[in-house]
Amino acid sequence: VFERWESAAEIPTTAEHLSAERQLALLDRLIGLEVENAELSVTTSLTPSEQLRLEQQVARMRSSLEWRVGRVVTAPFRAVRRQLVR
Amino acid sequence: VTVPTVVVHEDAAGAIPATLLQETTADYVAVVREGARLRRGALADLATVLARFPSDVAFGDSLERTMRNRRRLIERPDFSPLRFSRQDDLGDVVAIRVAWARDQEAASLRGLVARADPRRVLHVPAVLGERSTVRVAERRDPPPPGTNEPLVSIIIPTRGSVAHVGGRQSVLVVELVSEVLATSPYRNMEFIIVADDATPQSVIDDLVALPGEIRIVRWSAPFNFSAKINRGAVHARGTHLLLLNDDIQPITPDWIRIMVDLLDEPGIGMVGALLLYEDGTVQHAGHLYEAESAGHVAHEWSVDRDDDLGSLAVDHEVSGVSAACALISRDLFFGVGGMTTLLPGNYNDVDLSLKVRARGARVVVTPRARLIHFESRTRDAAVTISELETLRRRWRSRIEVDDYWPPSSGR
C-alpha cells in the first residue's frame, strides 16, 4: 500500500541523505569486521574483570553436579581413548 | 604469589587512619568496612588476583547473615562509576594500592575511589568480607536538574498502528507525540517520524496538526527497524538523538531532562529508561547478556521488587539498553555506524550498546525516567537464528557473562 500523503511536513530523502545512510552502513560493517577479528584473539581483548568473571563461570560449570555426573559417565570412554592414543 | 597487604578498619566516618598510607611498607591496604570482617582466605584471593592484574582499587563479594540466620551471597557487578557516585556499593573489603593512594588528596575510601581511573578498579569475583547483618548501601541524591537544553531529535519509526490502550482505541504514534508535547517540561525538541508507506493519511494529518516541531520522513523499503532509525538520524538536526518506539507512553514528566543530564556526564555514551508493561511489571531495566544471548534485567518483576544491592533504585551502568527508548549523542551514533542493518528486527540495540561500549563509553539506565512500553501489542519479537548468529559472530565473548547483573541479583 502506498499512501500519497498530502502534507508539507513530509521531508524528502535526498541523494545526500541516502549517501549518509550508506556511510553509516559502511562504518557499521567495518566496525563489525574489527570486532569479529577481535573475537578471534579474545584473551587479549578482555578486561581483567571480564577475564576473571569468565574464569569464575568455567569454575562454576566444573563444580556443577551436571558436569561431575558427565565426567563419571564419560570416564570409560576417555580411558579407552587414552589407551588408543598411546 | 604474595602481595604484601596490611588490613585496616575504616572508622564510622569512612576515614582511613591518616598516617597509615604514609608509613606502611605494604603494597596494598585492605580496608574492612564498618561492621564487616575479613573472610578467611580473602587476602590470599586478593593477592592472587592482584599479582595477575595490578590495580589501584579492588573490591569483591560478600556473605551476609539474614534475619533468619541464613547466609546470603552478595555478588557485585563490575565497577560502575555512575552508580558509585550515587551509592557506595563496593562492599565489605576494598583493597587500595598504597603507592597510588599516596598521590591522591583524599582521606576517605570514598574519596580515593572517586579519584580512580575506572579501568584500574577491579572486581574480584570472590567472597572477601562477611557481616552478621544485612547492609543496604545508602543512596545519595542525584545532582539537581541541569539548565543545558540541547536540541533533542526524537526519532520514532511507525506504521501508524492502532491499539487498544488505556481502555480505548488509539493511534500509538499520535498518542505518544501528543503526550510528550503536553507533559514534558523539556521544550527544545523535534520529532522525526519515520513512517511506512502504509501509514494512513489520517495519521499524518493528526501528527501535523499537533503544535510541536514535527517532521515526517517516508520509509518505502521492507521493514528494517535499524534502517528506519538510521533514516531518521540522517534527517535529525539535534545534537542528541532519542530513539523511541511508537508504543511508548511516558510516566515521568521530566524523563527527557533526566536522560539528557545523564548523557552530559563524562564517559556516558548512551542512556536508557525503566520500561514497564501496562500491568506495571518491569519490561526493561537494562539488558542482560549471558550464555551467548541477550535478555532484560529484572524482566517481569514487580516494580517494587529489587535485588539485594538495591540496583533498580539507582542510576547505574548496564551492559546495554533497549532502543525502545534510548538517548545517544549524534556524534557517537554516527561514530559507531548507527544501528546495524544486518539486524533488522532483534538485537540491533544489543549491537549498538556493545559498539558504544567498545568505544570506551558507558551505557547506563535510570529508574528515574519511567515509561510504559506496550511492546507485545505491535511487534512479533520472534528471534531468527540468523539474527542470533550475527550477534554472536560479533560479540560472542561479550555476551557470555553479564558485567553488571550478577547471578545473585536474581533472574
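Quick caveat: nothing in here was measured; it's all calculated off a predicted structure.

1. Focus: the overall build of chain A
Scanning chain A from terminus to terminus reveals 4 helices and 0 strands. Against the 2.2 N^0.38 benchmark of 12 Å for 86 residues, chain A shows a C-alpha radius of gyration of 27 Å, more extended than a compact globule. Expressed as lengths along the three principal axes of its C-alpha atoms, the size of chain A is roughly 80 × 35 × 30 Å. Taken over 86 residues, chain A has a buried fraction of 23%. Accessible surface, chain A as shown: approximately 6500 Å² in total, 62% of it carbon and sulfur. Of the side chains in chain A, 12 bear a positive and 12 a negative charge, and the two mean positions are spaced by 25 Å.

2. Re the interface of chain A and chain B
Contacts between chain A and chain B engage 39 residues on the former and 53 residues on the latter. At the boundary of chain A with chain B, total buried surface from both sides reaches about 4100 Å², with 54% on carbon and sulfur atoms. The largest per-residue losses of area from chain A upon contact with chain B belong to Trp5, Leu24 and Arg53 of chain A, which jointly make up 19% of the total buried on that side. In this structure, Glu21 of chain A and Arg231 of chain B form a salt bridge, with 2.3 Å as the shortest nitrogen-oxygen distance. At the surface where chain A touches chain B, the tally comes to 18 residue pairs in polar contact (both at pLDDT 80 or more). At the level of secondary structure, the elements contributing two or more residues to the side of chain A that touches chain B comprise α1 (15-40), α2 (42-45) and α3 (48-63) of chain A. Ranked by residues supplied to the side of chain A that touches chain B, first place goes to α1 of chain A with 13 residues. The class makeup of the residues in the side of chain A that touches chain B is 17 nonpolar, 9 polar and 13 charged.

3. Description of the pattern of salt bridges
Per the stated rule, a full pass over the model turns up 40 salt bridges over all chains. In this structure, the salt-bridge partner of Arg83 of chain B is Asp89 of chain B, at a minimum N-O distance of 3.3 Å. Arg83 of chain B sits in the buried class, given a relative accessible area of 1%. A single network of salt bridges, built from pairs that share partners, joins Asp28 and Arg29 of chain A together with Asp351, Lys355 and Arg394 of chain B.

4. Here's the deal with the nonpolar core
Residue and element names in this part refer to chain B. The biggest cluster of nonpolar side chains holds 42 residues, and the ones touching the most others in it are Ile154, Val177, Phe191, Ile193, Trp255 and Ile256. Ignoring anything within four residues of it in the chain, the contact list for Phe191 reads Ile154, Ile156, Val177, Val180, Leu181, Glu213, Ile214 and Arg215. Membership of the second largest hydrophobic core comes to 41 residues, among which are Ala326, Val350, Leu354 and Trp395.

5. Section: unusual backbone geometry
Residues and elements named next belong to chain B. The phi dihedral of Glu292 is positive, around 60°, even though this residue is not glycine. Examined against the element boundaries, Glu292 turns out to sit in the loop between β17 (287-290) and β18 (293-296). Exposure remark for Glu292: the relative accessible area of 19% places this residue in the buried category. With phi around 65°, Glu300 is a residue other than glycine that occupies positive phi space. Structurally, Glu300 is set in the loop between β18 and β19 (316-317).

6. Focus: the confidence of the model for chain A
In this model, chain A carries a mean pLDDT of 87, and residues with pLDDT of at least 70 account for 92%. Put simply, α2 of chain A is where chain A has its lowest mean pLDDT, 66, and α1 of chain A is where it has its highest, 94.

7. Some remarks on α1 of chain A
Helical periodicity: at 3.6 residues per turn, an α-helix aligns residues three or four positions apart in one direction. For α1 of chain A, with 26 residues, the first-to-last C-alpha span of 38 Å sits near the 38 Å given by 1.5 Å per residue. Taken together, the buried positions of α1 of chain A are His17, Glu21, Leu24, Asp28, Ile31, Gly32, Val35 and Glu39 of chain A.

8. A closer look at helix α4 (residues 65-85) of chain A
With 21 residues, α4 of chain A should cover 30 Å at 1.5 Å per step; its first-to-last C-alpha distance of 29 Å lies within 8% of that length. The largest bend along α4 of chain A reaches roughly 50° and is located at Thr74 of chain A, with the proline Pro76 of chain A sitting one to four residues downstream.

9. Some thoughts on the environment of Gly32 of chain A
Positionally, Gly32 of chain A belongs in helix α1. Along the chain, Gly32 of chain A and Arg82 of chain A lie 50 residues apart, while their C-alpha atoms are 41 Å from each other.

Cut-off values and rules
Residues numbered from 1 in each chain as written. Chains lettered and ligands numbered in written order. Predicted model: local features only at pLDDT ≥ 70, side-chain atom pairs only at ≥ 80, totals over all residues. Heavy atoms only, no water. Helix = DSSP H or I, 4+ residues; strand = E, 2+ residues; numbered from the N terminus. Rg over C-alpha atoms; globule rule 2.2 N^0.38 Å. Buried < 20%, exposed > 50% of the residue type's maximum accessible area, 1.4 Å probe, protein only. Areas by Shrake-Rupley, 256 points an atom, 1.4 Å probe, with all protein chains shown as cover. Lys, Arg positive; Asp, Glu negative; His and termini not counted. Charge placed at Lys NZ, Arg CZ, Asp CG, Glu CD. Contact = heavy atoms within 4.5 Å. Buried area = accessible area lost by both parts, 1.4 Å probe. Salt bridge = Lys/Arg side-chain N within 4 Å of Asp/Glu carboxyl O. Polar contact = N/O pair within 3.5 Å; in protein donor to acceptor, adjacent residues only side chain to side chain. Nonpolar A, V, L, I, M, F, W, Y, C, P; charged D, E, K, R; others polar. Core = buried A, V, L, I, M, F, W, Y, C linked by side-chain atoms within 4.5 Å. pLDDT = per-residue confidence, 0-100. Expected span 1.5 Å × (residues − 1). Bend = angle between axes of the 7 residues up to and from the residue.

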